[in-house]
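Chain residues, written in single-letter form:
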Amino acid sequence: MGQSGRPAGSACHPGCIHKTSMSEIPAESAEMSIGKGVAIYAGALLGFIILIVLTVTVSWFPGFVLFFAYFVFGFILNRIVLRSLIEWHAVYNTLGNVSSSKLSAFLFWPFSYPALFFRLGVVKHL
């Protein structure tokens, strides 16, 4: 029971959360595990490789789809994986630092994400 005689975690009026436990408050941004990030990256890479094979082997498959898909996969990885895995420190959260990191991850995603996962793995496990 809480101080007011109501069960702990119950609100005094709709929308009131001052008696709510921290586990019931929704998180600002959902955290993602490194494994889930690697799985999403692997899916994007596999999809891109399939598109490369289709472009090379099938004569009717348009090549511009490959060009477009490269940027779509980079955008999706930035929006889903990078946003969920990286928390920018207040000191380094400058326009130059964040935009440089996000643009390089977007443009060079086949190479930058394995390096990111390696660095995150080293920080987490060593």
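Each value, and the rule that gives it
Residues numbered from 1 in each chain as written. Predicted model: local features only at pLDDT ≥ 70, side-chain atom pairs only at ≥ 80, totals over all residues. Heavy atoms only, no water. Helix = DSSP H or I, 4+ residues; strand = E, 2+ residues; numbered from the N terminus. Buried < 20%, exposed > 50% of the residue type's maximum accessible area, 1.4 Å probe, protein only. Contact = heavy atoms within 4.5 Å. Phe/Tyr/Trp six-rings, centres within 6.5 Å; stacked < 30°, edge-to-face > 60°. pLDDT = per-residue confidence, 0-100. Core = buried A, V, L, I, M, F, W, Y, C linked by side-chain atoms within 4.5 Å.

(A) Structural view of the overall build of the protein chain. When you go through the protein chain residue by residue, the secondary structure sums to four helices and zero strands. Walking the protein chain from its N terminus toward its C terminus, one meets helices and strands in the order α-α-α-α. The buried share among the 126 residues of the protein chain stands at 25%. Relative to all contacts within the protein chain whose residues are 6 or more apart in sequence, the contacts with residues 24 or more apart total 61%.

(B) Focus on the packing of aromatic side chains. Under the defined criterion, the tally for this structure stands at 12 aromatic pairs. Summarising the aromatic geometry, the rings of phenylalanine 71 and phenylalanine 106 are spaced 5.8 Å apart at their centres and angled 40 degrees between planes, so their arrangement reads as tilted. Note that phenylalanine 71 is positioned in helix H2 (residues 64–85) and phenylalanine 106 in helix H3 (residues 95–107), a separation of 35 residues in sequence.

(C) Inspection of the confidence of the model for the protein chain at higher detail. Residues of the protein chain with pLDDT of at least 70 account for 76%, and the chain-wide mean is 82. Ranking the helices and strands of the protein chain by mean pLDDT puts helix H1 (residues 34–57) first, with 95, and H3 last, with 93. A low-confidence stretch, residues 16–28 stays under pLDDT 50, and its non-local contacts, those more than four residues away or across chains, total 10 contacts.

(D) Representation of the nonpolar core within the structure. By size, the foremost hydrophobic cluster in this structure holds 22 residues, and its most contacted members are Phe73, Leu77, Val81, Trp109, Tyr113 and Phe117. The element best represented in this core is H2, accounting for eight residues. Those residues in contact with leucine 77, other than ones at most four positions away along the chain, are Ile40, Tyr41, Ala44, Leu82, Trp109 and Tyr113.

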